[in-house]
Amino acid sequence: MAASAKPAARPEAHRRFDGVSQNRSLERGLEILRAFRPGTDLLGNGELAERTGLSAATVSRLTQTLVTSGFLEHDRAARAYRLAAPVLSLGHAMRAASPVLKAAAPLMQDLSIKLKVNVGLAAPDRAEMIYLESFRYNRKATLRSIVAGQRVPIELTSLGRAYLATLNAEIRDALLSAIRRGYRSAAWEPIGAAVDKAIAKVAADDYCAASWQPGVVALSTPLMLRGGQALALNLSLTTDESAAPIARRHAKDLLTLKERITHEIERRDDDG
């Protein structure tokens, strides 16, 4: 994606500090933790205030509390904060306890090995998708490796577009409007058109394709869980081919994997 087309920052599409909340202090504390992303080692109170939209006084109070509770470390020399070990422990606990991952991961890994492709599963979080699991097959060791916990943009990826196809029009339009505000109008037009095309493709064929990283084509399909939660499952590979031949070869593989995962999740639910 050209530099001019990139949004200045990922929009926080669902942030609501002025609405009804069970505990606003907890909500704001979680916003502090959300501000830390891969590639961001240290953040000072000023940077945290800018990223969260909270006042400097509120940020100062919350960072002190998070240090005391062990979720942030304070670097006195840099006058800034970094995430502490308990945050990693929470992520590990989530992955270890997830019934969806217990059902899906072995099937995903089998397909990745069999077809020599990448297979991933992701969940939505505001304007991004978070990888829950990722099995990577790369012939070139230098290629970027996606890992669990990594975020990718909803509007640019097949994962995100497959998820968008599961939303009702009102919720989808609100989310896309928030994302669109981070783009220049001319830069958004082809992205918006591609999103619309992908949503139509999912409605017709239950999957969509995208190539938001050079030389990588991905196919994705929504994975709906009991209770209405929507995830997205993808299959991708490094290739010089366009999306069309990749889809002809592998769309059925992806949809068969989805069917097997859905069946396994439901079987475990029924047995449990």
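Residues numbered from 1 in each chain as written. Predicted model: local features only at pLDDT ≥ 70, side-chain atom pairs only at ≥ 80, totals over all residues. Heavy atoms only, no water.

By the naming in an unreviewed UniProt entry, the protein is Transcriptional regulator, IclR family, taken from Bordetella petrii.

Q: Can you tell me about the side chain of Arg-126, naming the residues and giving the values?
A: Positionally, Arg-126 belongs in the loop between strand S3 (118-125) and strand S4 (128-135). Looking at Arg-126, its side chain comes within polar contact range of the side chain of Glu-31, at 2.3 Å. (Helix = DSSP H or I, 4+ residues; strand = E, 2+ residues; numbered from the N terminus. Polar contact = N/O pair within 3.5 Å; in protein donor to acceptor, adjacent residues only side chain to side chain.)

Q: Lay out the packing of aromatic side chains with the relevant residues and their values.
A: According to the stated counting rule, one finds one aromatic pair in the structure shown. Between the aromatic rings of Tyr-183 and Trp-188, the centroid separation amounts to 5.4 Å while the plane-to-plane angle is 55°, which identifies the pairing as tilted. (Phe/Tyr/Trp six-rings, centres within 6.5 Å; stacked < 30°, edge-to-face > 60°.)

Q: Explain the environment of Leu-72 residue by residue, including any values.
A: Position of Leu-72 relative to the elements: it lies in strand S1 (residues 72-75). According to the relative accessible area criterion, Leu-72 is buried, its value standing at 2%. Along the sequence, Leu-72 and Arg-82 sit 10 residues apart, while their C-alpha atoms lie 5.6 Å from each other. (Buried < 20%, exposed > 50% of the residue type's maximum accessible area, 1.4 Å probe, protein only.)

Q: Mind laying out the environment of Ser-145, listing which residues take part and the relevant values?
A: By the element assignment, Ser-145 lies in the loop between S4 and strand S5 (151-153). A C-alpha to C-alpha distance of 9.7 Å links Ser-145 and Asn-118, two positions 27 residues apart in sequence.

Q: With reference to specific residues and values, describe the pattern of salt bridges.
A: Across all of its chains, the model carries 16 salt bridges by this definition. One salt bridge in this structure joins Asp-75 and Arg-82, with 3.6 Å as the shortest N-O distance. Residues joined in a network through salt bridges with shared partners are Glu-31, Arg-34, Arg-37, Asp-125, Arg-126, Glu-128 and Arg-151. (Salt bridge = Lys/Arg side-chain N within 4 Å of Asp/Glu carboxyl O.)

Q: Break down the nonpolar core for me, citing the residues and quoting the values.
A: Among the nonpolar cores identified, the biggest contains 30 residues, and Met-108, Leu-121, Leu-231, Leu-233, Leu-257 and Ile-261 are the most heavily contacted of them. Secondary-structure elements contributing two or more residues to this core are helix H5 (99-115), S3, S4, strand S7 (216-224), strand S8 (230-238) and helix H9 (243-271). No other element matches H5, which puts eight residues into this core. Setting aside chain neighbours within four positions, we find Leu-257 in contact with Leu-107, Met-108, Leu-111, Val-119 and Leu-233. Core analysis: the next-biggest nonpolar cluster, separate from the first, contains 27 residues, Ala-122, Leu-159, Leu-164 and Leu-175 among them. (Core = buried A, V, L, I, M, F, W, Y, C linked by side-chain atoms within 4.5 Å. Contact = heavy atoms within 4.5 Å.)

Q: For the pairing of S4, give the residues involved together with the corresponding values.
A: Most of S4 sits out of view: seven of its eight residues are buried. Summarising the sheet, S3 and S4 pair through seven bridges and their orientation is antiparallel. Paired with Ala-122 across the strands is Tyr-131, a residue of S4. Hairpin connection between S3 and S4: a loop of two residues separates the two successive antiparallel strands, and Arg-126 in this loop has a positive phi of roughly 55°. (Pairing = 2+ DSSP bridges.)

Q: How would you sum up helix H2 (residues 45-52)? Please name residues and give values.
A: Buried within H2 we find Leu-48, Ala-49 and Thr-52. What you see down the axis of H2 is that its buried residues fit within an arc of 100°, all on one side. Among the exposed residues of H2, those pointing more than 90 degrees away from its buried face are Gly-46 and Glu-50. Elements that come into contact with the buried residues of H2 comprise helix H1 (24-34), helix H3 (56-68) and strand S2 (80-83). Among the residues trailing H2, Gly-53 stands out with phi positive, at a value near 80°. (Arc of directions from axis to C-beta.)

Q: Which residues make up the side chain of Asn-118, and what values do they have?
A: Residue placement: Asn-118 occurs in strand S3. There is a polar contact of 2.6 Å between the side chain of Asn-118 and the backbone nitrogen of Tyr-137.

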